[in-house]
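So the chains spell out like this:
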Amino acid sequence: MSTQVQSPMQELLQTAALPSQAGQVSQAAVPANIFLAVTSIPVGNNPVGLAIAPSSDLYVANSGSANVSVINTITDTVIGAPIGVGGTPVWLTVAPNGNAYVPNSGSNTVSVIDTTTNTIVGAPIAVGNQPAVVAAVPGGRVYVTNFAGNTVTVIDTATNTVIGAPIAVGAQPVGVAVAPNGNAYVTNRGSNTVTVIDTATDTVIGAPIPVGAQPNFVAIAPNGNAYVANIGSNNVTVINTISNTVVGAPIAVGNQPWGIAVGADGIAYTANRAANSVTVFDTATNTVVGAPIPVGAGPIAVTVAPNNKVYVSNINGNNVSVIQFDPTLTSINPTQGPITGGTVVTITGTNLTGASVDFDGNPATGVTVNAAGTQLTAITPPGAAGPVTVTVTTPGGSAGLVNGFTYLLPVHATSLTATPALAKLFPPHVYFPFLTATLTDQVTGLPVPGQTIIFKIGSNLLGTATTDAQGVARFNETLILTLILANGGYDAEFAGGSTGSAILSPSSDHAGVIEP
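Position numbers for residues count from 1 along each chain, tracking the sequence in the order it is written. Thresholds applied to this predicted model are a pLDDT of at least 70 for local features of residues and 80 or more for the giving and counting of side-chain atom pairs; totals over whole chains, interfaces and linings are not thresholded and use all residues. Water and hydrogen atoms play no part in the side-chain values, which are based on all heavy atoms of the structure.

*Asks:* Which parts of the structure should I look at to understand the pattern of salt bridges?
*Replies:* A pair can form between side chains of opposite charge whenever their charged atoms are brought close. The salt bridge definition used is simple: a Lys or Arg side-chain nitrogen within 4 Å of an Asp or Glu carboxyl oxygen. Enumeration according to the criterion identifies four salt bridges in this entry. Here K456 and E493 are joined by a salt bridge, their closest N and O atoms 3.8 Å apart. Placement of the pair is K456 in strand β47 (residues 452-457) and E493 in strand β50 (residues 490-494), with a sequence separation of 37 residues. Its salt-bridge partner being D468, residue R474 comes within 2.9 Å of it at the nearest N-O pair. Note on R474: relative accessible area 47%, which makes it partly exposed. Here's how the labels work: a residue is buried when its accessible area is under 20% of the maximum for its type, exposed when over 50%, partly exposed in between, all with a 1.4 Å probe on protein chains only. We classify D468 as partly exposed; its relative accessible area is 24%. Strands here are runs of E lasting at least two residues and helices are runs of H or I lasting at least four, both read from the DSSP assignment and numbered beginning at the N terminus.

*Asks:* Hey, could you run me through the sheet that holds strand β46 (residues 434-441) in this one?
*Replies:* Whenever strands of a sheet pair, they do so through backbone hydrogen bonds, lying parallel or antiparallel. Here, a strand pair is defined by DSSP locating no fewer than two bridges between the strands. A sheet is described by the order of its strands in space; here three strands give the open sequence β43-β46-β49, paired in antiparallel fashion. Of all strands in the sheet, those bounded by a partner on one side alone are β43 (414-418) and β49 (472-476). With strand direction ignored, the average angle separating the axes of adjacent strands in the sheet is 20°. Of the strand pairs in this sheet, β43 and β46 are connected by five bridges, and their pairing is antiparallel. Pairing of L416 across the sheet is with L439, part of β46. Only the stretch in contact is used when fitting a helix axis, every axis being a line fitted to C-alpha atoms; angles between N-to-C directions are given from 0 to 180 degrees.

*Asks:* Explain the nonpolar core to me, please; I cannot follow it from the model alone.
*Replies:* Note on soluble globular proteins: their nonpolar side chains tend to be buried together. Buried Ala, Val, Leu, Ile, Met, Phe, Trp, Tyr and Cys residues that are joined via side-chain atoms within 4.5 Å together make up what is termed a nonpolar core. With 48 residues, the main nonpolar core has W91 and Y143 as its most contacted residues. Considering each element in turn, this core owes the most residues, four residues, to strand β12 (residues 131-137). Residues I457, A465, I484 and F494 belong to the second largest nonpolar core, which totals 21 residues.

*Asks:* Just to check I follow, could you spell out the packing of aromatic side chains for this structure?
*Replies:* Given two aromatic rings, their pairing is described by the distance between the two centres and the angle made by the two planes. Classification of ring pairs uses Phe, Tyr and Trp, with its six-membered ring standing for Trp, and accepts pairs whose centres are within 6.5 Å; under 30 degrees between planes counts as stacked, over 60 as edge-to-face, and the remaining range as tilted. This model, assessed by the stated rule, comprises seven aromatic pairs. Judged by centre distance (5.2 Å) and plane angle (80°), the rings of F405 and Y407 are edge-to-face. Note on F405: relative accessible area 0%, which makes it buried. Overall, Y407 belongs to the buried group, its relative accessible area being 3%. Taking the centre distance of 5.5 Å and the plane angle of 20° together, the rings of F455 and F475 count as stacked.

*Asks:* Mind showing me how you'd approach the confidence of the model for the chain here?
*Replies:* Close reading of the predicted structure is inappropriate where its pLDDT is low. Per-residue confidence from the prediction method is given by pLDDT, with values spanning 0 to 100. Chain-level pLDDT for the chain is 91 on average; 91% of the residues reach the 70-or-more range. Confidence drops under a pLDDT of 50 for residues 1-9, and excluding neighbours within four residues, the segment shows 24 contacts in the predicted structure. Long-range and interchain partners of residues 16-34, a stretch whose pLDDT sits below 50, account for 30 contacts in this model, where long-range means more than four residues apart. In what follows, a contact means two residues having at least one pair of non-hydrogen atoms within 4.5 Å.

Following this line, the structure appears as structure tokens:
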């Protein structure tokens, strides 16, 4: 299988190395955290663009084999056969209508894929010269940057037809992204600028914004800022999309950042093609987080799935790297259940996709995780009474809730049967010298040994006795017969207790006097 770019349109997917880049290593990343790409998924030749469908499936444009691979982001496996498209497909997108729009830079067209059936919709749409990137814009349309045409083509996704004349932008436009205010930001690799387009009127706003060398891709963060990856200067420029001005100094990243994406949590990722790594930075502070993450050969694009896994296309490795971070746990509900197991619990957190769960080492069953990887359900296994640690393990690591769940003994009702006192009234004479009370577990029907029984007359405590193997407690009545006779009997009480397998509920009984 080829490991070199096979596109006849080499210029879009290659850049001339700048003299200052020879042997250069980024100094931005301080190894505070270590992240690892946990797996790689083989796809077609020279993969470039990545896009997530409403189903959470990942679509990968393989520029060297003229097709698109589909990956299930839950299982990280390829689904079905590759979907054939035009020549040299590059940076695709999935529009709100669920269709994927694939720019074919080698055939100057855009192919449309129905992501519900993974079939081609209609004929390819003719666009400008060397289409590079497609991005959805408001109003049911997509913008297509034409790298060799220095223009942007507009397509109506309802009819899959081109609307109006191409919009002139800077030299060699590649990336395009839409800010919350509806403006589109187009990176012009050949003129080191970003052009701003009002998507309501399809007209350019103001002068181009100067950025770094060879800006290739752009992503919008939750804070509304645009982040521009500059291949030639190994950094990211930040643009305030309200004022259309550059914010602060560029953020130094890895060598030749071709791709950039920002997750819903505001964490950004750059695909550093010459360094075979991904740099992570926080858009809240615009500072790099941890050391670069090693990935495959020639990472060129990056995207973040709804489950917070990060996918990186490696153009020279013919695969997609998957980065899954350690899970975090927030809560478990309910926090207790019976020792027999079978309690359905819900655990919330992040990065839970692919999780298994155990309770002090005993595996749970029926584990299911939501699409966002933020919540799972599981069924508790049997366990010993008391608190246990709940551990969640994913391909990215493990996290635990210490004493997060407590196993409870079941509650069993009991019955206490007291035998009447036996006596002669005149003169008083003990005929049966013991008061007896028998304790029975009403759930099992068995006598309960080893439990304390209280013997009382009214509010007066006579004493206590412990049940034997037959569940019988005996208390000598010899010295208290007069008091028993005066009160017409006695009371036996069980205050409750536990065995190794159950909690026993309280019970009591009153016994009279029988004259033989």
